[in-house]
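Below are the chains, spelled out letter by letter.
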Amino acid sequence: MTTVAVATATKAMRRPARSRSLRAWYRNGTLMAGLVIVGLLVLAAVLAPWLTPYDPVQQDLAQALQSPSSAHWLGTDKYGRDVLTRLLWGARVDLRIGFLAVLIPFVIGSVLGALAGYFGGWFDTVVMRVVDVFFAFPFYVLVIALVFILGAGESSIYLAIAAVSWVSYAKIMRGELLVAKKQDYVVAARLGGMSHARILVKHIGPNVLSQALIYAMSDIVMDILAIVTLGYLGLGIAPPTAEWGSMILDGQEFITTQWLQATIPGLAVVVTSLGLSLLGDGLSDQLSPERRK
Amino acid sequence: MLDRFRFVPARLLQSVPVVFGVTILVFFMVHLLPGNPALTILGQSATPERVAALNTQLGLDEPLWDQYFLFLKRLVTGDLGESLTYQAPVSGLVLDAIPITLSLLAFALVLSLVISVPLAALAASAPGRLPDMVVRVFTLLGQGMPQFWVGIMLILLLGVKARAFPVGGYGMTAAEHPYYLFLPALTMAIAMCPTTIRSLRASTINVLGSDYVGTARSKGAAGIALFRGHVLRNAAIPTVSIIGVNLGYLVGGSLVIEKVFAIPGLGSLMINAIFTRDFPTIQAVALFVALFVIVVGILTDVVYTAIDPRVDLSSKERA
Amino acid sequence: MSIDQAQPTGATASGHQSLVPGVPLLRVHDLSVGVRSGGRTVQIVEGVSFDVDPGQRMGIVGESGSGKSLTLRAIAGLLPKPVEVLSGGIEYNGADLLGMPAKKRRALMGPEIAMIFQEPMTALNPVMRVGDQIAEGPRRHLGLSAKAAGELAVQMMARTGIPDPARRARAYPHELSGGLRQRIMIAMAVSCGPRLLLCDEPTTALDVTVQLQVLRLLERLCEDTGTSLVFVTHDLAVVNQTCSELAVMYAGHIVESGRVKDTFRQPRHPYTRGLLESAPDFDRPDRALVPIPGFPPNVSDRPHGCPFAPRCGYVRDHCTEAVPPLTEVAPGRLAACFESDRLDEVLA
């Protein structure tokens with residue numbers, strides 16, 4: 001009883017009602033903040049060659065380990081390379097791999113999970129047992145082991161991340177499907193004589209994909225963290241290519257004298273993750289507001 | 001009461017196929033190595049004799065399935081093979097490292113709860129207000145920080161600058177261990193807090209709005225007494241499974257953290273093994289970690305059942 | 001500690017106030033409840049006033065959204081956020097409840113005022129044994145030891161007619177039926193011997209057969225101990241069974257009040273009349289049911305003038321111009337209707 005009155009009263013306060021118009025997107029502060037941060041980062045990464053006069057790889061030992069100055073805003077590393085330049089070029093590597101690495105597991109995991117959830121039966125059992133096996137390995141253990149086996153390098157990173165993180169998408173999509181297929185609109189469509197494929201693509205897909213999409217945002221964060229971690233361990237992108245993780249590794253040597261060297265690339269990761277997390281939160285507000293109570 | 005825990009044997013039985021899957025994955029990892037595994041392990045400059053010797057030692061010259069069953073047979077007897085670097089049984093190396101990693105994990109778990117519970121309660125007590133915003137920013141930042149970098153920053157701030165804690169190592173005596181493990185445990189706790197806080201905050205808000213909290217208030221309960229008596233246990237129920245999953249993720253993170261702080265646990269063992277291409281050691285650590293995660297999963301269900309009297313995992317339809 | 005000592009009858013037990021003579025036990029005065037946000041205010045309860053004397057049993061009847069539950073929760077100090085008391089006063093035993101410090105007010109909750117909620121399914125803590133939940137109040141307010149409070153809890157359960165109370169005290173809520181759970185709620189509410197019992201639709205969630213048992217139990221407990229009752233429900237029949245006084249709420253206002261018998265016999269507000277005619281009457285199954293046309297207004301846009309005017313069969317032009325005040329239409333009878341005199345028909 002009480003709740004009805006309160007709900008109508010509070011709804012009245014919030015007028016005009018939320019709509020899916022562009023203005024509603026614009027009003028979603030979290031989403032906008034995330035878009036701005038990620039947008040600026042992507043822009044900085046794309047424009048890196050034109051933003052700084054220095055080369056990210058070329059060594060200049062005479063200029064090694066300088067403190068921040070007007071010529072080198074963030075100083076130079078032990079090979080005399082400009083830290084800001086390497087930071088920007090590092091964004092190109094880390095962002096690109098982070099975004100691309102999500103695609104394969106997103107597709108494979110979502111499809112397998114959706115089919116398992118929708119059809120059930122032996123296929124579901126097999127997929128879920130395999131998921132259990134992969135799930136038993138912590139993310140880093142498997143990624144590190146796989147990158148080692150496949151050999152350091154970009155393509156190994158894609159494969160390793162794909163092999164590990166498809167599991168989460170499969171779990172999410174299966175759960176969504178288990179709920180969705182019992183919904184009245186799906187039962188009604190089935191009774192109406194629609195094919196399974198049509199129901200999956202036309203009716204269920206749009207309704208359940210948003211959850212996988214929201215997860216993908218946090219997954220990009222995970223992947224970037226993994227890439228940086230691999231770089232730090234010396235298993236990622238090989239030097240001298242600028243990459244945030246290996247920059248932190250290089251900087252750690254000088255932690256007592258030049259602490260900025262290890263701090264700055266880490267902060268870059270934090271800002272990137274923050275932007276992506278805000279984007280994910282904002283998206284989830286926008287795509288499934290009713291779930292976030 | 002106790003019959004709600006009947007599910008444990010069944011759960012153990014259910015994990016048997018998963019354990020088999022894990023052994024298969026760990027075993028075949030070695031065969032994913034491109035080309036001749038022995039050659040890859042030893043490097044291109046290896047003499048044919050050494051390659052042949054290693055092939056025999058790893059059993060690589062026999063049919064795949066025979067190799068796998070041999071692997072299983074040795075596994076059951078606790079024989080994890082011989083470390084290529086240390087020329088010693090891997091099982092001994094792993095057994096030495098396990099207590100160190102486990103105590104690090106336990107320490108981190110305790111620290112993360114000490115940090116998370118008050119922060120989540122604070123945030124949930126006034127959703128949308130300043131403390132909630134501050135906690136939210138903390139969780140957002142915490143999620144995005146590479147664990148090893150947090151470790152380096154803690155070393156920088158509390159180790160190098162403040163000189164309050166050692167910058168690495170495990171300590172020599174039992175009394176020194178907690179002191180040396182504090183920074184790495186804190187690092188891992190910081191990694192674990194964001195998801196715990198988020199989950200606990202959401203469920204606390206939920207519980208605070210529930211009828212039974214209204215009932216408790218109508219009995220005059222308020223403040224800490226209300227939180228301890230009626231809110232915390234109910235709010236903890238969904239968080240328990242999150243912490244369970246997190247612990248698994250944390251084991252992975254501990255690999256890197258141990259490397260940062262030079263702690264001689266499983267992580268350092270595995271990372272060093274990777275650089276020395278010591279394959280049996282990598283297999284052994286991966287295997288142990290996976291088994292650990294499976295056990296944690298079962299333990300999570302036990303804790304879950306213990307704190308929520310409604311849960312009965314024995315009967316499927318009610319769970 | 002025996003139960004009798006925990007009751008307010010006779011000598012005042014520890015934790016109980018003595019009654020202030022000459023004032024009602026509960027006085028609600030011009031109470032408005034609503035949501036305030038920024039510059040906007042939405043009133044859900046508007047200017048509600050009523051008194052409850054010691055031992056009196058008062059029913060508040062209304063549809064969903066009429067504000068009856070919020071009125072009750074305002075008295076208990078349990079308004080859900082962001083709802084708050086906008087204006088008006090609530091006095092208990094002569095003391096201003098709204099003005100007193102939160103700690104002092106909480107000290108009243110249990111030994112003086114207790115509440116029974118609508119949903120016995122959700123109103124009990126799912127992870128706490130029911131005996132412990134009953135014992136919680138006596139431990140806090142009567143200063144009992146855990147053991148003594150536990151024994152009192154079992155006695156209270158026995159009093160509310162729960163069979164095998166010692167064993168059931170160790171049960172968790174989900175192990176009990178709805179009826180038993182509501183008895184637990186009642187045992188919990190009366191465990192500190194309150195003088196005022198607030199009931200928020202306590203039987204709505206129960207099977208009809210169980211409903212009647214629970215109502216009888218409440219009635220008996222109140223009678224035994226002289227406890228006053230404020231009983232909120234949408235069901236007129238329930239009021240008839242349990243209460244002596246009645247207030248009918250519509251769109252945040254009390255539109256009619258008086259003794260239950262008088263009001264049922266001759267309602268003086270068209271809404272009350274509509275409610276009576278739309279409810280089935282088992283004594284006269286042949287009577288035709290007449291539903292009230294239309295729906296109650298939305299809280300955020302209540303009509304100008306009498307809120308019931310758009311649905312009212314007696315409506316005249318002046319009804320939409322001003323809100324009719326609650327005035328005495330007969331001794332002990334109040335109604336908020338300009339056309340009250342036209343309702344002179346005796347129903348039964």
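Residues numbered from 1 in each chain as written. Chains lettered and ligands numbered in written order. Predicted model: local features only at pLDDT ≥ 70, side-chain atom pairs only at ≥ 80, totals over all residues.

Trainee: I tried to follow the sheet that holds strand β5 (residues 95-96) of chain C on my own but got confused; where do I start?
Mentor: Remark on secondary structure: sheet strands pair via backbone hydrogen bonds, oriented parallel or antiparallel. Residue and element names in this part refer to chain C. With respect to topology, four strands assemble into an open sheet ordered β2-β1-β4-β5, the strand pairing being antiparallel. A strand with exactly one partner marks an edge of an open sheet, and here the two such strands are β2 (40-52) and β5. Note: strand β1 (residues 26-37) against β2, nine bridges, orientation antiparallel. Note that in β2 the partner of L31 across the bridge is V48. The sheet strands contacting helix α2 (residues 68-76) are β1, β2 and β4 (83-92), and the helix crosses β1 at an angle near 105 degrees. (Pairing = 2+ DSSP bridges. Helix = DSSP H or I, 4+ residues; strand = E, 2+ residues; numbered from the N terminus. Contact = placed C-beta atoms within 7 Å. Axes fitted to C-alpha atoms, helices over the stretch in contact; angles between N-to-C directions.)

Trainee: Mind showing me how you'd approach the interface of chain B and chain C here?
Mentor: Many structure descriptions define interface size as the accessible area lost when the parts assemble. Across the contact, 18 residues belong to chain B and 22 residues belong to chain C. Residue assignment for the side of chain B that touches chain C shows that the elements contributing at least two residues are α9 (211-218) and α10 (223-261) of chain B. Counting residues per element, the side of chain B that touches chain C draws most heavily on α9(B), which supplies seven residues. Residue composition of the side of chain B that touches chain C, by class: five nonpolar, seven polar and six charged. (Nonpolar A, V, L, I, M, F, W, Y, C, P; charged D, E, K, R; others polar.)

Trainee: Help me understand the nonpolar core in this model?
Mentor: The nonpolar side chains of a soluble globular protein tend to be buried with one another. One finds V143(A), I144(A), V285(B), A286(B), V289(B) and L198(C) to be the most contacted residues of the largest nonpolar core, which totals 268 residues. Residue contributions to this core peak at 20 residues, all from helix α9 (residues 196-233) of chain A. If we skip the residues at most four places from it in the chain, L198(C) touches L72(C), I75(C), A76(C), I113(C), M115(C) and V230(C). (Core = buried A, V, L, I, M, F, W, Y, C linked by C-beta atoms within 7 Å. Buried ≥ 20, exposed ≤ 12 C-beta atoms within 10 Å, placed from the backbone.)

Trainee: Looking at this structure, how should I read unusual backbone geometry?
Mentor: Glycine aside, residues mostly have negative phi, and peptide bonds are mostly found in the trans state. Geometrically, the link from P239(A) to P240(A) is a cis peptide bond, its omega value of 10 degrees lying close to zero. Tracing the backbone shows P240(A) in the loop between α9 and α10 (244-252). Residues other than glycine seldom take positive phi values, yet Q87(B) does so here, at roughly 50 degrees. When you line up the elements, Q87(B) lands in the loop between α4 (64-76) and α5 (90-125). In this model, N93(C) sits at a positive phi of 50 degrees, which is unusual for a non-glycine residue. Here N93(C) is to be found in the loop between β4 and β5. What makes N93(C) buried here is the crowd of 20 C-beta atoms within 10 Å.

Trainee: Help me understand the UniProt feature "transmembrane region" (unreviewed entry) in chain B in this model?
Mentor: Residues and elements named next belong to chain B. Here, the residues flagged by UniProt with the feature "transmembrane region" (unreviewed entry) are residues 12-33, 97-122, 134-159, 179-197 and 284-307. Along residues 97-122 one finds 100% helix and 0% strand; the C-alpha atoms at either end are 38 Å apart. Span residues 179-197 is 100% helix and 0% strand, its end C-alpha atoms 26 Å apart. (UniProt positions renumbered as here; feature names shortened; annotations may be inferred.)

Trainee: Looking at this model, I keep getting lost on the UniProt feature "transmembrane region" (unreviewed entry) in chain A. Mind explaining?
Mentor: Residues and elements named next belong to chain A. Within the UniProt annotation, "transmembrane region" (unreviewed entry) is assigned to residues 24-51, 97-118, 130-150, 156-172, 220-239 and 259-283. Here residues 97-118 runs as 100% helix and 0% strand, with 32 Å between its end C-alpha atoms. Secondary structure within residues 130-150 divides into 86% helix and 0% strand; the distance between the first and last C-alpha atoms comes to 21 Å.

Trainee: How should I be thinking about the sheet that holds strand β11 (residues 327-330) of chain C in this particular structure?
Mentor: Residues and elements named next belong to chain C. Across the sheet, eight strands lie side by side as β6-β7-β8-β3-β9-β10-β12-β11; this open sheet has mixed pairing. A single partner strand is all that each edge strand has here, and the edge strands are β6 (113-116) and β11. In this sheet, neighbouring strand axes are inclined to one another by 20 degrees on average, regardless of whether the strands run parallel or antiparallel. Of the pairings in the sheet, the one linking β11 to strand β12 (residues 333-335) comprises three bridges and is antiparallel in character. Each residue of the ladder has a partner; that of T327, found in β12, is A335. Contacts from helix α11 (residues 270-278) reach β3 (57-61), β9 (245-250) and β10 (253-259), with the element oriented near 100 degrees to β9.

Trainee: Explanation requested: α10(B) in the structure shown.
Mentor: Spacing of three or four residues puts side chains on the same side of an α-helix, whose turn is 3.6 residues. Between its terminal C-alpha atoms α10(B) stretches only 41 Å, short of the 57 Å expected from 39 residues at 1.5 Å a residue. Of the residues flanking the end of α10(B), it is A262(B), one or two places downstream, whose phi is positive at about 55 degrees. (Expected span 1.5 Å × (residues − 1).)

Trainee: Honestly, the environment of V147(A) in this entry has me stumped. Any pointers?
Mentor: Residue and element names in this part refer to chain A. The residue V147 is located in helix α6 (residues 139-150) in this model. Once the C-alpha coordinates of V147 and I157 are considered, the two residues, ten residues apart in sequence, prove to be 6.1 Å apart. Dropping the residues within four chain positions of it, V147 is found in contact with A152, S156, I157, A160, L230 and L235.

Trainee: In this structure, what is going on with the confidence of the model for chain B? I would like to understand it.
Mentor: Residues shown with low pLDDT carry predicted positions that ought not to be read at fine detail. Summary statistics for chain B give a mean pLDDT of 84 and a share of 95% for residues scoring 70 or more. Predicted complex, confidence summary: ipTM 0.83, pTM 0.79. (pLDDT = per-residue confidence, 0-100.)

Trainee: In this structure, what is going on with the packing of helix α7 (residues 147-161) of chain B against helix α8 (residues 176-208) of chain B? I would like to understand it.
Mentor: Axes are the key here: two packed helices are described by the angle between their axes and the distance separating the axes. All names here are of chain B. Remark: α7 packs on α8, axes separated minimally by 9 Å, with the N-to-C direction vectors making an angle of 135 degrees. Judged on the interaxial angle alone, α8 and α7 are oblique. Crossing hand, α7 versus α8: right-handed. Here α7 contributes Q147, V150, G151, L154, I155, L158 and G159 to the contact with α8, which in turn contributes L183, P184, L186, T187, M188, I190 and A191. Here the contact of α7 with α8 is built from residues that sort into ten nonpolar, four polar and no charged. (Parallel < 35°, antiparallel > 145°, perpendicular 65-115°, else oblique. Left-handed = near helix turned anticlockwise from the far one by under 90°.)

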